[in-house]
Amino acid sequence: MNTQVLSGKPLAALIQQRAQDEARVLENSGRHPVLAVVVATDDESTLWYVRSIERAAERLGIGCRIVDLGSEATEQVLASVLRDLSAEPSVNGIILQTPLPVGVKADSLVGLIAPEKDIDGANPLSLGRLAVGQHAFAPATAQAVVELLDHFDVPVAGRNVTVVGRSAVVGKPLALLLLERDATVTICHSKSGPLERHTQPADVVVVAAGRTGLLKGSHLSPETVVVDVGTNVLPDGSLVGDVDEASVTGVAAGLTPVPGGVGSVTTALLLLHTVEAARQQEPAQLAAAASAARI
């Protein structure tokens, strides 16, 4: 069987074009979309990713403010910065980039991101709204999976979709998005038992566990579509996913590559979300929020 490569690059280009077009419309009305990325690490791979967001934003006419607090930043400093950015009218979207300094927990900080600026669905309120079908920005990586399946005309309604990984960043929100599309969703984790028991009956398998080579061809039935969300750095600096590509190729009907799959779509969606947030935020509302924050 020939396994189709489900590249994310063409879709990412389409999303970026949409973001650029919408940013121009806002510019013509005197409003400039701005994304703030809060960074508190010296991890070079993370800093490279943040710079790539900054370059992409510049190409699309979207402002990008990198708030680099250094790897020694305290939780109090991070909290203060997130509050200030949430109240600042000129900022439309906020990302708290991980990893964070040792001892600083993201769980206690993401709730400080204003929901209307939470363009990566990090605030628990965003996930709660997503769960009950209210408007919220979904975590971009989870949404990227659904967008890729749509782009390649992979149906999910009435089909079995297995998600390997239960993180609040990918697994849980992705399950909610798939349920909205009428998929029958199974979520696997470390206590789920033999992986093949859950992946072999699936029409679509999404792997987001952060374990190199976790999913193998023997875990699949022929014709399964596989989406690899994993991003694992090897000792030589190369990037691989959670799928054992050699054994899955020839078994799966389709497979997203790493790199060049989900990640490129995720970055494009973050920028589109920033523009959408700017469009939804009325200047008067932002000014009122800033005034309230100062009281």
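Calculation notes
Residues numbered from 1 in each chain as written. Predicted model: local features only at pLDDT ≥ 70, side-chain atom pairs only at ≥ 80, totals over all residues. Heavy atoms only, no water. Helix = DSSP H or I, 4+ residues; strand = E, 2+ residues; numbered from the N terminus. Rg over C-alpha atoms; globule rule 2.2 N^0.38 Å. Buried < 20%, exposed > 50% of the residue type's maximum accessible area, 1.4 Å probe, protein only. Areas by Shrake-Rupley, 256 points an atom, 1.4 Å probe, with all protein chains shown as cover. Lys, Arg positive; Asp, Glu negative; His and termini not counted. Charge placed at Lys NZ, Arg CZ, Asp CG, Glu CD. Polar contact = N/O pair within 3.5 Å; in protein donor to acceptor, adjacent residues only side chain to side chain. Contact = heavy atoms within 4.5 Å. Pairing = 2+ DSSP bridges. Axes fitted to C-alpha atoms, helices over the stretch in contact; angles between N-to-C directions. Domains from an automatic or database assignment. Parallel < 35°, antiparallel > 145°, perpendicular 65-115°, else oblique. Left-handed = near helix turned anticlockwise from the far one by under 90°. Nonpolar A, V, L, I, M, F, W, Y, C, P; charged D, E, K, R; others polar. Core = buried A, V, L, I, M, F, W, Y, C linked by side-chain atoms within 4.5 Å. Salt bridge = Lys/Arg side-chain N within 4 Å of Asp/Glu carboxyl O. Expected span 1.5 Å × (residues − 1).

Participant: What should I look at first to understand the overall build of the protein chain in this one?
Facilitator: A count of helical and extended segments in the protein chain gives ten helices and eleven strands. Computed over its C-alpha atoms, the radius of gyration of the protein chain comes to 19 Å, within 12% of the 19 Å expected for a compact globule of 295 residues. Counting every position in the protein chain, which comprises 295 residues, the buried fraction comes to 48%. Total accessible area on the protein chain is roughly 13,700 Å²; 53% of this is exposed by carbon and sulfur atoms. Measuring between centres, the 22 positive side-chain charges of the protein chain sit 3 Å from its 32 negative side-chain charges.

Participant: Is there a simple way to explain the side chain of Asn-232 in this structure?
Facilitator: On the secondary structure map, Asn-232 appears in strand E9 (residues 232-233). Its relative accessible area of 10% is what places Asn-232 among the buried residues. A distance of 2.8 Å separates a polar atom in the side chain of Asn-232 from the backbone oxygen of Gly-241. Once residues lying within four places of it in the same chain are set aside, the contact partners of Asn-232 are Gly-210, Arg-211, Thr-212, Ser-238, Leu-239, Val-240, Gly-241 and Asp-242.

Participant: What should I look at first to understand the sheet that holds strand E8 (residues 225-228) in this one?
Facilitator: The strands making up a sheet are joined through hydrogen bonds of the backbone, oriented either antiparallel or parallel. The strand order E1-E11-E8-E7-E5-E6 describes an open sheet built from six strands, whose pairing is parallel. Among the strands making up the open sheet, the edge pair consists of strand E1 (4-5) and strand E6 (184-188). Bridge count between E8 and strand E11 (residues 254-255): two bridges; the pairing is parallel. Bridging across to E11, Val-226 finds its partner in Leu-255. Contacts between helix H6 (residues 171-180) and the sheet are confined to strand E5 (160-164), E6 and strand E7 (204-207), with E6 contributing the most and set at about 170° to the helix.

Participant: Explain the domain arrangement of the protein chain here, please?
Facilitator: Many descriptions give the size of an interface as the accessible area lost when the pieces come together. Splitting the protein chain by domain gives domain 1 (29-114) and domain 2 (140-263). Look at where the C-alpha atoms of domain 1 and domain 2 centre, and you get two points 28 Å apart.

Participant: How do you make sense of the packing of helix H2 (residues 44-60) against helix H9 (residues 262-280) when you look at a structure like this?
Facilitator: Where H2 contacts H9, the two axes come as close as 10 Å, and the packing angle between them is 55°. By the angle between their directions, the pair H2 and H9 is classed as oblique. Helix-helix and strand crossings are classified by hand; for H2 and H9 the assignment is right-handed. Taking contact as the criterion, the partners of Tyr-49, Ile-53, Ala-56, Ala-57 and Leu-60 in H2 are, on H9, Thr-266, Thr-267, Leu-270 and Leu-271. Considered class by class, the residues forming the contact of H2 with H9 number seven nonpolar, two polar and no charged.

Participant: What should I look at first to understand the nonpolar core in this one?
Facilitator: The tendency in soluble globular proteins is for nonpolar side chains to be buried as a group. Core analysis: the biggest nonpolar cluster contains 54 residues, and Leu-149 and Leu-178 have the highest contact counts within it. Counting residues per element, this core draws most heavily on H9, which supplies ten residues. Look past the residues within four positions of Leu-149 in its chain and what remains in contact with it is Val-154, Val-156, Leu-178, Val-204, Val-225 and Val-227. Grouped together as the second largest cluster of nonpolar side chains are 18 residues, Ala-36, Ala-40, Ala-79 and Ile-113 included.

Participant: Explain the sheet that holds strand E2 (residues 34-39) to me, please; I cannot follow it from the model alone.
Facilitator: Strand order in the open sheet formed by three strands is E3-E2-E4, with parallel pairing between adjacent strands. The open sheet has two edge strands, strand E3 (63-68) and strand E4 (93-96), and neither has a second partner. Strand-to-strand twist in this sheet, taken as the mean axis angle between neighbours without regard to direction, amounts to 15°. Sheet strands in contact with H2 are E2 and E3, and its direction is about 155° off that of E3.

Participant: Would you explain helix H4 (residues 124-131) in this entry?
Facilitator: Structural remark: α-helix, 3.6 residues per turn; residues separated by three or four positions point the same way. Residue Asn-123 occupies the N-cap position of H4, its side-chain oxygen lying 2.9 Å from the main-chain nitrogen of Leu-125. Just downstream of H4, Gly-133 is the residue with a positive phi angle, here 80°.

Participant: Can you help me understand the pattern of salt bridges in this one?
Facilitator: Opposite charge on two side chains makes pairing possible when the charged atoms of those side chains draw close. If you walk through the whole model with that rule in mind, you get eight salt bridges. Two residues, Glu-276 and Arg-18, come together in a salt bridge whose shortest N-O distance is 3.2 Å. Here the residue Glu-276 occupies a position in helix H9, and Arg-18 occupies one in helix H1 (residues 9-28), the gap between them amounting to 258 residues. Residue Glu-276 is classed as buried on the basis of its relative accessible area of 12%. Arg-65 serves as the salt-bridge partner of Glu-88, at 2.9 Å between the closest nitrogen and oxygen. Of this pair, Glu-88 sits in the loop between helix H3 (75-87) and E4 while Arg-65 sits in strand E3, and the two are 23 residues apart along the sequence. Residue Glu-88 is classed as partly exposed on the basis of its relative accessible area, which comes to 24%.

Participant: Looking at this structure, I do not really get H2. What am I missing?
Facilitator: Its 17 residues give H2 an end-to-end C-alpha distance of 24 Å, which sits within 8% of 24 Å, the value for a rise of 1.5 Å per residue. Taken together, the buried positions of H2 are Thr-46, Leu-47, Val-50, Ser-52, Ile-53, Ala-56, Ala-57 and Leu-60. Check the buried side of H2 and you find it contacts H1, E2, E3 and H9.

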